[in-house]
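Here is what each chain is made of, one letter per residue.
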Amino acid sequence: MTPVEFEVVGLPAAQGSKRHVGNGVMVETSKNLKPWRAAVAAAARDIAADVGQYDEPLHMEVCFRFPMPKSRRAAVRSLGIALKTTAPDLDKLIRSTGDALTTSGLIRDDALICSVHASKLEVVGWSGAVVRLV
């Protein structure tokens, strides 16, 4: 397997809670989920065009990058990076990203992801994620 790494630009969104809207229909509560999954799928499709589809056990490394709030102290903002300790939950971010990788065709099924190293940061600069599959 050829390891791949790519960037996804956008606002990372969690996949988690659903709400019932009637007639047995459930919808995601996050309005940011569709744009995030579309951004991940588009970036992954570009990679899949070059390397094909992965159908073997995978390790995923992903670093989610969120905009740093203007309320951060000047010393933190000058560093340009800080750990994000607020919502969304890291496990729900991983779920949305894994599902989008499956949708893209880069991986056959997100069940193939056997191990994960993930982080979420607040940054000055672009937001999104850096995804690496090994």
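Because the structure is predicted, anything quoted here is derived from the model rather than measured.

**Here's the deal with the packing of aromatic side chains**
Counted according to the given criterion, the structure contains one aromatic pair. The ring centre of Trp126 lies 4.1 Å from the NZ or CZ of Arg65, which sits over that ring. Above the ring of Phe66, the side-chain terminus of Lys84 is found at 4.9 Å from the ring centroid.

**What about the packing of helix H1 (residues 33-51) against helix H3 (residues 90-104)?**
Between H1 and H3, the shortest axis-to-axis distance is 8 Å and the interhelical angle comes to 50°. The orientation of H1 with respect to H3, classified from their angle, is oblique. Considering the relative orientation of H1 and H3, their crossing is right-handed. Counted together, Leu33, Trp36, Arg37, Val40, Ala41, Ala44 and Arg45 of H1 and Ser96, Thr97, Asp99, Ala100, Leu101, Thr103 and Ser104 of H3 form the full contact between these two elements.

**Some remarks on the pairing of strand S4 (residues 58-67)**
Pairing between S4 and strand S6 (residues 113-123): ten bridges, direction parallel. Opposite Glu61, over in S6, you have His117 as the bridge partner.

**A look at H3**
Because an α-helix completes one turn every 3.6 residues, residues spaced three or four positions apart along the sequence face the same direction. When the terminal C-alpha atoms of H3 are compared, their 21 Å separation across 15 residues agrees well with the 21 Å that a helix rising 1.5 Å per residue should span. Every buried residue of H3 is listed here: Leu93, Ser96, Thr97, Gly98, Ala100, Leu101 and Ser104. Buried-residue contacts for H3 involve strand S1 (4-9), H1, S4, S6 and strand S7 (128-133). Of the residues one or two after H3, Gly105 is the one with positive phi, at around 90°.

Quick notes on the rules
Residues numbered from 1 in each chain as written. Predicted model: local features only at pLDDT ≥ 70, side-chain atom pairs only at ≥ 80, totals over all residues. Heavy atoms only, no water. Phe/Tyr/Trp six-rings, centres within 6.5 Å; stacked < 30°, edge-to-face > 60°. Lys NZ or Arg CZ within 6 Å of the ring centre and 35° of its normal. Axes fitted to C-alpha atoms, helices over the stretch in contact; angles between N-to-C directions. Helix = DSSP H or I, 4+ residues; strand = E, 2+ residues; numbered from the N terminus. Parallel < 35°, antiparallel > 145°, perpendicular 65-115°, else oblique. Left-handed = near helix turned anticlockwise from the far one by under 90°. Contact = heavy atoms within 4.5 Å. Pairing = 2+ DSSP bridges. Expected span 1.5 Å × (residues − 1). Buried < 20%, exposed > 50% of the residue type's maximum accessible area, 1.4 Å probe, protein only.

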